[in-house]
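# Coordinates in review
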Amino acid sequence: MKLSTQFLLAFSVVLVLSVIDTTSNYLLSLKVEKNVEFLNKSQEIMRNSVKLHKTIIEMQSSFRGYLLTQDTNLLNVYNIGLKSLPILYTEEEILIKENREQSSLLDSIIFIHQQWTNYAKEHIKLQGIIRKPLNTNDLLVGGDFNKITDEKLNDSIRQKFLAFDKLEYKTRSLHKDNLISSIKRTHIFSLTFFGLTIIFGIASTIYIVRLISKRIKTMTQLAENISKGNFTTITDINNDEMTSLSTSLNIMSDKLSKNIKELEKQNGELDKFSYVVSHDLKAPLRGIHNVIKWIEEDLGNELSPQLKKYLDIIPERTKRMEDLINGLLAFARTREKTIPEKTAVAELLREIVKIIVPRNFKVEIKEMPIIITERLKLEQVFTNLISNAVKYAKVDNGEIILKCTQTDNSYEFSVKDNGIGIEEEYHTKIFEMFQTLREKDEKESTGIGLAIIKKILDDLHCTIWINSTLGNGTEFIFTWPLK
Amino acid sequence: MKKIILLVEDDELDIISVQRTLKKLDTEYTLYTAYNGKEALTMLNDLKNPIVPAVILLDLNTPKMNGIEFLKIIRVDDRFKDVKVFVITTSSETNDRSITEQLGISGYIIKPLGYSDNTKRVDSMDAFVQFHLRKILGES
């Protein structure tokens, strides 16, 4: 599966889980809201029922007061009740229209009350005509609606109101129970999904991070290997974007390996070639040299001085040719590995100085390390540099200072002379093959020495640089591996 | 009878060089020169005038039949079991040297023949003449 698909999938699952979670919570909030609405309505129903009951009772007592006192003022409350009762009734009717039981209770209450109102109206009419106070006995005797019936009526109304309220409370508790269980359900549901979201989120993150980091690690390892010259490859059984990256890396490693091998092979061939050429070039020279020698041996006395002078030029020139070839040979051989050995550099330098530095030179060897290294190569580098210092000295007062400093990852050797110096424009050129800054015959110089040094140091991944100006001596500084 | 030296060498200059060095000897000898191994074999097996040299100076790099092939053939021939063979070699031919060592040789002479080299077990032409040839030719 592609990495992007995996990312997308993990993200989508987390998203879906949280959407489900949020939806369940939202639904719960809707339920709560609905319940609040119901509660408000229920409170209004109760308020209205209390008002209705109160108004009915107040009307009755107002009516009774009037009967006893004949004071029409006392009928005020009764009259207000007559007007307000239908409104309250209609309001309650609308509020409870869904509950049939409550509706019928309310209807029967209103019916009973209506009967009472009819009776009351009748009485008030009569009283209006008679215009005398009525005593209680009249009330008891005169009407078909006596005190007992009045109380009975009241009881019945109270009972019905109680039943009405009870019904309302019952509905309310039913709603409450529903809501609580719904909240409980939602809690469990929501917690479960929240847990799932977190678990899946963490798990998929860990999976993806591990998947990527592990493979990035292998690739980094590969790059490190390549930088060290080990052209390994990596196996990647997955099939995604990173696989193509590792495939490219493998191809790169493979190509580099092939190129380097090819380069090494060609270098080897070149070294072999120059070695063979140098060797074969020497044979005819030796022949020429021999023939001249033989002529001189055989005809020594018969040769004219002029001819002898000419013949003397030949060995001089063949000697120079041989030097050049020897230089080439040495250059070709620098790639050959020599055996590392324990080398006291100071001692090595003293030996070199003894052989190639004339007595009239002042040589100062500063503190030198003892290292395990390819002694022959170090010797070659120093020999070439010191012999340069000798060759390019100002007349007579030659001075050579040899010193060494140690840095974190290499030694820095310095060979400093007070010779004729080198102009800055030649500072790079002198390291090329056959570059000598002097006339050919002035000094025996082939221009290979510094090229050999450069090659040795290049092979060891070391560097050489030069501090010099014309007329002020020369300092060559080169690095050398610690181990 | 004068002792015989057989030189197997294709380089004219080297032949002259050997001749000139040998001339310095006070002992008498006869020098035969063959340009390659094949020619040398013909000389050794010549029906009319077969030669049995005391010393063979053998260049390994000769055309037609090289020194090693030649050496292999004469080493199984009883007639030549006492012949002392000196191989003329360049300092670089170390590989050939180890092969010839197994074929029983008496020494090496380093090429080019005007040279003197101080490496072990290898003589210059002059040293060879001074130390080996004089001794061999002096033996009766």
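Residues numbered from 1 in each chain as written. Chains lettered and ligands numbered in written order. Predicted model: local features only at pLDDT ≥ 70, side-chain atom pairs only at ≥ 80, totals over all residues. Heavy atoms only, no water.

## Considering the overall build of chain A
- Helix and strand content of chain A: ten helices and seven strands.
- Looking at chain A residue by residue over its 483 residues, the buried ones come to 37%.
- As displayed, chain A offers around 30400 Å² of accessible surface, 59% of which is attributable to carbon and sulfur atoms. (Helix = DSSP H or I, 4+ residues; strand = E, 2+ residues; numbered from the N terminus. Buried < 20%, exposed > 50% of the residue type's maximum accessible area, 1.4 Å probe, protein only. Areas by Shrake-Rupley, 256 points an atom, 1.4 Å probe, with all protein chains shown as cover.)

## Overview of the side chain of aspartate 59 of chain B
- With respect to the helices and strands, aspartate 59 of chain B occurs in strand 3 (residues 55-59).
- A relative accessible area of 3% means that aspartate 59 of chain B is categorised as buried.

## What about helix 8 (residues 345-356) of chain A?
- For helix 8 of chain A, which comprises twelve residues, the first-to-last C-alpha distance of 16 Å matches the rise-based estimate of 16 Å (1.5 Å per residue) to within 8%.
- Against the buried residues of helix 8 of chain A lie strand 1 (340-344), strand 2 (362-365), strand 3 (370-374), helix 9 (375-391), strand 4 (399-406) and strand 5 (410-417) of chain A. (Expected span 1.5 Å × (residues − 1). Contact = heavy atoms within 4.5 Å.)

## Thoughts on unusual backbone geometry
- Even without a glycine there, the phi angle at glutamine 70 of chain A is positive, about 60°.
- With respect to the element layout, glutamine 70 of chain A can be found in the loop between helix 1 (3-69) and helix 2 (75-95).

## Points about helix 2 (residues 37-44) of chain B
Residues and elements named next belong to chain B.
- Inspection of helix 2 places Gly37, Ala40, Leu41 and Leu44 among the buried residues, and these make up the whole buried set. Seen along its axis, helix 2 keeps its buried residues to an arc of 100°; they face one direction. Relative to its buried face, helix 2 has exposed residues pointing more than 90 degrees away, namely Lys38 and Thr42.
- Of the residues flanking the start of helix 2, the one acting as N-cap is asparagine 36, its side-chain oxygen 3.0 Å from the backbone nitrogen of lysine 38. (Arc of directions from axis to C-beta. Polar contact = N/O pair within 3.5 Å; in protein donor to acceptor, adjacent residues only side chain to side chain.)

## Thoughts on the confidence of the model for chain B
Residues and elements named next belong to chain B.
- Looking at chain B as a whole, its pLDDT mean stands at 79, while 86% of the residues score no less than 70.
- Strand 6 (residues 122-123) is the least confidently modelled element of chain B, averaging 58 in pLDDT, while strand 1 (residues 3-8) averages 90, the highest of any element.
- For this predicted complex, the interface confidence reaches an ipTM of 0.72, while the overall pTM sits at 0.46. (pLDDT = per-residue confidence, 0-100.)

## Observations regarding the packing of aromatic side chains
All names here are of chain A.
- Evaluation of the coordinates by the stated rule reveals eleven aromatic pairs over all chains.
- Measuring from centroid to centroid gives 5.3 Å for phenylalanine 382 and phenylalanine 413, while their planes differ by 80°, and the two rings are edge-to-face. Residue phenylalanine 382 is found in helix 9, and its partner phenylalanine 413 is found in strand 5; the two are separated by 31 residues along the sequence. Phenylalanine 413 carries the same exposure label as phenylalanine 382, and that label is buried.
- Ring geometry for phenylalanine 431 against phenylalanine 476: centres 6.2 Å apart, planes inclined by 80°, an arrangement best described as edge-to-face. Here phenylalanine 476 lies in strand 7 (residues 474-481) and phenylalanine 431 lies in the loop between strand 5 and helix 10 (449-459), a separation of 45 residues in the sequence.
- Assessed through its relative accessible area of 11%, phenylalanine 431 is described here as buried. (Phe/Tyr/Trp six-rings, centres within 6.5 Å; stacked < 30°, edge-to-face > 60°.)

## Some thoughts on the pattern of salt bridges
All names here are of chain A.
- All told, the structure shown has twelve salt bridges over all chains when counted by the stated rule.
- Measuring nitrogen to oxygen at the nearest pair gives 3.6 Å for the salt bridge that ties glutamate 98 to lysine 41. Here glutamate 98, found in the loop between helix 2 and helix 3 (100-130), pairs with lysine 41, found in helix 1; they are 57 residues apart in sequence, far enough to count as distant.
- With a relative accessible area of 67%, glutamate 98 lands in the exposed category. (Salt bridge = Lys/Arg side-chain N within 4 Å of Asp/Glu carboxyl O.)

## With respect to the packing of helix 9 of chain A against helix 10 of chain A
All names here are of chain A.
- Packing of helix 9 against helix 10 brings their axes to within 9 Å, and their N-to-C directions diverge by 150°. Taken as a pair, helix 9 and helix 10 cross one another with a handedness that is left-handed. Taking contact as the criterion, the partners of Lys377, Gln380, Val381, Asn384, Leu385 and Asn388 in helix 9 are, on helix 10, Gly449, Leu450, Ile452, Ile453 and Ile456.
- Across the contact of helix 9 with helix 10, the residue classes break down as six nonpolar, four polar and one charged. (Axes fitted to C-alpha atoms, helices over the stretch in contact; angles between N-to-C directions. Left-handed = near helix turned anticlockwise from the far one by under 90°. Nonpolar A, V, L, I, M, F, W, Y, C, P; charged D, E, K, R; others polar.)

## Things to note about the sheet that holds strand 6 (residues 464-468) of chain A
Residue and element names in this part refer to chain A.
- As summarised here, the arrangement of the five strands in space is 2-4-5-7-6, forming an open sheet in which the pairing is mixed. The open sheet has two edge strands with one neighbour each: strand 2 and strand 6. Recorded for the sheet is a direction-independent mean angle of 15° between the axes of neighbouring strands.
- Note: strand 4 against strand 5, seven bridges, orientation antiparallel. In the sheet register, cysteine 404 faces strand 5, and the bridge partner there is phenylalanine 413.
- Sheet strands in contact with helix 9 are strand 4, strand 5, strand 6 and strand 7, and its direction is about 175° off that of strand 7.
- Lying on the sheet, helix 10 is in contact with strand 6 and strand 7; it crosses strand 7 at an angle near 30°. (Pairing = 2+ DSSP bridges.)

## A word on the confidence of the model for chain A
All names here are of chain A.
- Mean pLDDT over chain A stands at 84; residues scoring 70 or higher make up 92%.
- Mean pLDDT across the elements of chain A bottoms out in helix 4 (residues 136-142) (46) and peaks in strand 7 (93).
- Across residues 136-144, where pLDDT falls below 50, the model places twelve contacts with residues more than four positions away in sequence or in other chains.

## Observations regarding the nonpolar core
Residue and element names in this part refer to chain A.
- Counting residues in each nonpolar core, the largest one holds 41 residues, and the members touching the most others are Phe382, Ile386, Phe413, Phe478 and Trp480.
- Every element with two or more residues in this core is listed here: helix 8, helix 9, strand 4, strand 5, helix 10, strand 6 and strand 7.
- Of the residues forming this core, the biggest block, seven residues, is contributed by helix 9.
- Once residues lying within four places of it in the same chain are set aside, the contact partners of phenylalanine 382 are Val345, Leu349, Ile352, Phe413, Val415 and Phe478.
- Tyr66, Leu67, Tyr78 and Leu85 belong to the second largest nonpolar core, which has 26 residues in total. (Core = buried A, V, L, I, M, F, W, Y, C linked by side-chain atoms within 4.5 Å.)

## Considering the packing of helix 6 (residues 241-299) of chain A against helix 1 (residues 12-23) of chain B
- Contact pair helix 6 of chain A / helix 1 of chain B: the axes reach a minimum separation of 11 Å and the direction vectors enclose 40°. Put simply, helix 6 of chain A runs oblique to helix 1 of chain B. Considering how the two elements wind past one another, helix 6 of chain A and helix 1 of chain B form a crossing that is left-handed. Contact with helix 6 of chain A, carried on its side by Gly287, Asn290, Val291, Trp294, Glu297 and Asp298 of chain A, involves Leu13, Ile16, Ser17 and Arg20 of chain B of helix 1 of chain B and no other residues of that element.
- By residue class, the composition of the contact of helix 6 of chain A with helix 1 of chain B is four nonpolar, three polar and three charged. (Parallel < 35°, antiparallel > 145°, perpendicular 65-115°, else oblique.)

## Some words on the side chain of histidine 427 of chain A
All names here are of chain A.
- Considering the arrangement of structural elements, one finds histidine 427 in the loop between strand 5 and helix 10.
- Separated by 3.1 Å, the side chain of histidine 427 and the backbone oxygen of isoleucine 422 make a polar contact.
- Contact partners of histidine 427, with chain neighbours within four places excluded, come to Ile422, Ile466 and Ser468.

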